[in-house]
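Descriptive analysis of the structure
As a plain string of letters, each chain reads:
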Amino acid sequence: MSRHFLGVFLTMAASTTVVAQAPSFSSRVEAVRVDVLVTENGRLVSGLAPGDFEVLDNGVPQKVDLASLEEIPLNVVLALDVSGSLNAQQIGHLQTAGSTLLDGLKQTDQAALLTFSHVVSQGSPLTSDFNRIRAALKETGTSGQTSLVDAAYAGMMIGESDVGRSLLIVFTDGVDTRSWLTADAVLETAKRCDVVVYGVDVGTRRASFSRELSAATGGRLVEIESTRDLNATFRGILDEFRQRYLISYSPEGVTPGGWHRLDVRVKARSVTVRARPGYLSSH
Amino acid sequence: MSGQRALIACLIACTTVAFAQNARPDDPALVGMLRWLEVAQLHTPGEADVPATEIGRWSRIALVVLAGDIRKLATFLQRAREGSLGPLPTIQLYNRRFTLVEIEKVFHGNDTLKKGAVLHADIAVLVVDDASRRSGFFEDASVFMVDDGRRSGVRYESAHWQIGRALLDGITPSPGADAGALLWYRAASSCLLRDGHLAESRVHLDRARQLFPNSSHFLLDSAYLHQKFSSDTIQAAVEDLRSARANPDVGSRRMELERAERFFRQTLALEPAAAGARIRLGHTLGELGRHEEAASELRRAIDARLDGPDLYFAELFLGYEEQTLGKPGEAKRHYENAAELYPRAQSPWLALSQLARQSGDRAGALGALRSVTALPPDASDRWDPWWDYYEVHRDDAERLLDQMRDLALTEVR
């Protein structure tokens, strides 16, 4: 069970239809979706069209079919560490931050709550009934060890259990001490599913797993010293995620199956692009 | 019984007075040693009685000095009885010189040493206000408390296990040939592991293996200990401690796994039917990346007709090894077996979900995950043996302590 960390990505099954409203699309061939964050001097860049993107799949240029901002409803999964090392004040901050994040969701969005110590527990499945999640947040108590890797896996699976763009926020104050699943296995799974992970690590302990998982899914690890400003952190992640482009293409000129390296650029612009580094194709 | 104890107390008191008149024991260490010799005889094994409470108030340094003095007495007694000290042997203790007759009145060789060792074990286990836990003279007496992979405090380990071992080292002809010493070491080992005193366990087991090299008990306990040192919890805590410039005596994960493997193999060489040891050997080999060997050991363990958590572990671990070896069908079967044994344990369902997702079966992955998300939130309603795998539960600790105490009483009688 040696634990290495690999890159990640996402792929979408051929027959899956994305979302009810907004720019929905479906396809009989494998479509690859990539969540992309574009910034220029630290500021989000908006107004880009499909033709502005250049996507290389294993080095082969692809035709981008779609590039959308904001319109697609979100599946936001909160996976919150409630192990015994968190104190009452931190839990209070966590509950408030979770509630604040829910305030930022639209009626078409869905959210789910997962808490973890050594016990991985679903507080709420994906739902648009945010009051249900608020109620579950209030029930949160602390105890036990930390099954960070198990919870991250469960969070990804919940995130991809419904159509839409999936964001998984994994909050932890420590390192994994009790998971059954290995980091290797979960990172490998992340390469096969369609969820962007943002890790939020508080304190001085840094879980390398959070960093690797975030990077591999095209997300980001946010490191904070205390939970005092967790409200702003969670809300900032949501706002940033809404500003990401969802681009899609049907792979051409590449061999199906195995690992596909992805390079995503914006033509003729000196911008910073954050996207998953590749994906594992099942076909 | 009470009359007998009163008589012993009277004899000791009279002897002590005579001894004190001769020695004028104004040196605190000598006074302490005499008092210890007295109360060690008065202690009732298994009770936090007045003698245990009194000695429990001694500082760590006082106890270490005492152990050295008692060892001097033991050596003197042995050599005097062998005749190697001449016809009228004497011993200088602090500012006084004592004859063999005077020493024999208060110190009864192996009996006193073993009774003393039981007294100190009882203090370590039963006396809440053990002063040696509050103070340290030597830097290495301090231990770190760790929880969930991080340091949670510093304290001093009880000195009484160390003192017990020091006393038993004085047994003649050899503590390694003494049944009482063996029982004391086994009981202590069991208590230390049960209560999570890992630093003390390491020292204790190192000495136990020296004294009793052919005892499978200490080899197995050593294997448990080093396997625990290899766990994520301990390795994370060690990393945390090293970042604070502390240097706990724990090796790298691989090093600890290799030590565990060695001890599990030695245990199995002496006890081939020890299925628990074989399961853990299999798991250790898997952790070391030797998956074929791991699977072989785990299959052999399952063939031994296990039940309960042992069977659960064997199935779960073998599932993982089969998955790693590229046999998803076999892996699924073993994970399902584990899930059947403990349907409310989350680990087999997570394993089944991940196995399905790995093969592209998204529906299967979600189905297995639902078995986790549908579980009640309270850990007590959904126990997973995996959570406690690295906790060394020693249900035999109290039984061994009782046996040790009974033996001490029998030998004294």
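As shown above, the structure is provided for reference.
Scope of this entry: the structure provided in the associated data block. Throughout, a residue's number is its position along its own chain's written sequence, starting from 1. Chain A is the first chain written and ligand 1 is the first ligand written, with later ones labelled in order. Since the coordinates come from a predicted model, pLDDT governs what is reported: local features require at least 70, and pairs of side-chain atoms require 80 or more to be given and counted, while whole-chain, interface and lining totals use all residues. Heavy atoms from the whole structure form the basis of all side-chain values; hydrogens and water molecules are not counted.

What follows covers the interface of chain A and chain B. For this analysis, residues touch if any pair of their heavy atoms sits within 4.5 Å. With 38 residues of chain A at the interface, the matching set in chain B holds 37 residues. What counts as buried area is the accessible surface, traced by a 1.4 Å probe, that two parts surrender upon association, with contributions from both included. Summing both partners gives a buried area of about 3,300 Å² for chain A against chain B, and 51% of it is carried by carbon and sulfur. Salt bridges are identified by distance alone: a Lys or Arg side-chain nitrogen within 4 Å of an Asp or Glu carboxyl oxygen. The interface formed by chain A and chain B holds two salt bridges in total. Note that Arg357 of chain B is salt-bridged to Glu160 of chain A, the shortest N-O span being 2.7 Å.

Here, nonpolar core means buried Ala, Val, Leu, Ile, Met, Phe, Trp, Tyr and Cys residues that are tied together by side-chain atoms lying within 4.5 Å of each other. Partly exposed describes any residue whose relative accessible area lies between the buried limit of under 20% and the exposed limit of over 50%, with all areas from a 1.4 Å probe on protein chains only and scaled to the type maximum. Formed by 80 residues in total, the largest nonpolar core has its most connected members in Trp36, Ile70, Leu73, Phe107 and Trp184 of chain B. Sequence-distant contacts of Trp184 of chain B, that is, excluding residues within four places in its chain, are made with Ala117, Val118, Ala121, Trp161, Gly164, Arg165, Leu168, His204 and Met404 of chain B. Counting residues in each nonpolar core, the second largest holds 64 residues, with Ala151 of chain A together with Phe313, Ala338 and Ala365 of chain B among its members.

Now for the sheet that holds strand 7 (residues 110-116) of chain A. Neighbouring strands of a sheet are bound in pairs by backbone hydrogen bonds; such pairs are parallel or else antiparallel. Residues and elements named next belong to chain A. In space, the six strands of this open sheet follow the order 8-7-6-9-10-11, with mixed pairing throughout. What marks the edges here is a single partner per strand, and that holds for strand 8 (120-127) and strand 11 (220-224). In this sheet, neighbouring strand axes are inclined to one another by 15 degrees on average, regardless of whether the strands run parallel or antiparallel. A pair of strands is labelled paired if DSSP reports no fewer than 2 bridges between them. Numbering of helices and strands runs from the N terminus, with a helix taken as a DSSP run of H or I at least four residues long and a strand as a DSSP run of E at least two residues long. When strand 6 (residues 74-81) meets strand 9 (residues 165-172), the two strands line up parallel, connected through seven bridges. Among the inter-strand pairings, Ala79 is bridged to a residue of strand 9, identified as Val170. Lines fitted to the C-alpha atoms define the axes, with helices restricted to the stretch that makes contact. Angles between their N-to-C directions range from 0 to 180 degrees.

Moving on, we come to helix 16 (residues 328-341) of chain B. Residues and elements named next belong to chain B. One less than the residue count of a helix, multiplied by 1.5 Å, gives the span that helix is expected to have. End to end, helix 16 covers 20 Å across 14 residues, agreeing with the expected 20 Å (1.5 Å per residue, within 8%). Restricting attention to buried positions, one finds in helix 16 the residues Ala331, His334, Tyr335, Ala338 and Ala339. For helix 16, the angular spread of buried residues about the axis comes to 145 degrees, placing them on one side. This arc is built from the directions going out from the helix axis to the C-beta atoms.

Residues and elements named next belong to chain A. Contact geometry for helix 1 (residues 88-103) and helix 2 (residues 130-138): axes closest at 9 Å, N-to-C directions at 175 degrees. Here helix 1 lies roughly antiparallel to helix 2, going by the angle between them. Residues Gln95, Gly98, Ser99, Leu102 and Asp103 of helix 1 touch helix 2, and the partners they reach there are Phe130, Ile133, Arg134, Leu137 and Lys138. Each residue receives one of three labels: charged for Asp, Glu, Lys and Arg, nonpolar for Ala, Val, Leu, Ile, Met, Phe, Trp, Tyr, Cys and Pro, and polar for the others, Gly being one of them. For the contact of helix 1 with helix 2, the residue count by class is four nonpolar, three polar and three charged. Relative orientations are named as follows: roughly parallel for angles under 35 degrees, roughly antiparallel for angles over 145 degrees, roughly perpendicular for angles from 65 to 115 degrees, and oblique for any other angle.

So, about the packing of helix 9 (residues 198-211) of chain B against helix 10 (residues 216-229) of chain B. Packed helix pairs are specified by the crossing angle of their axes together with the interaxial distance, meaning the distance between the axes. Residue and element names in this part refer to chain B. Their axes nearest at 10 Å, the elements helix 9 and helix 10 cross at an angle of 145 degrees. Classified by chirality, the crossing of helix 10 by helix 9 is left-handed. Residues Leu198, Ser201, Arg202, Leu205, Ala208 and Arg209 of helix 9 form the contact with helix 10, whose own contacting residues are Phe218, Leu219, Asp221, Ser222, Leu225, His226, Lys228 and Phe229. Here the residues of the contact of helix 9 with helix 10 sort into seven nonpolar, three polar and four charged. We call a crossing left-handed when the near helix sits turned anticlockwise from the far one by less than a right angle, and right-handed when that turn is clockwise.

To continue, consider the pairing of strand 5 (residues 64-69) of chain A. Residues and elements named next belong to chain A. The buried fraction of strand 5 amounts to five of the six residues, a majority that puts the element mostly inside the structure. Here strand 5 runs beside strand 12 (residues 245-249); their pairing, made up of five bridges, is antiparallel. Residue pairing across strands places Val64 opposite Tyr249, the latter belonging to strand 12.

It is worth spelling out the pattern of salt bridges at this point. The tally for this structure, following the rule as stated, stands at 44 salt bridges over all chains. We note a salt bridge from Asp263 of chain A to Arg261 of chain A, for which the minimum N-O separation is 3.4 Å. For Asp263 of chain A, a relative accessible area of 23% corresponds to the partly exposed category. Judged by its relative accessible area of 42%, Arg261 of chain A is partly exposed. Notably, a salt bridge pairs Arg265 of chain B with Glu261 of chain B, separated by 2.9 Å at the nearest N-O pair. Residue Arg265 of chain B and its partner Glu261 of chain B are located together in helix 12 (residues 253-270), separated by four residues, close to a single helical turn.

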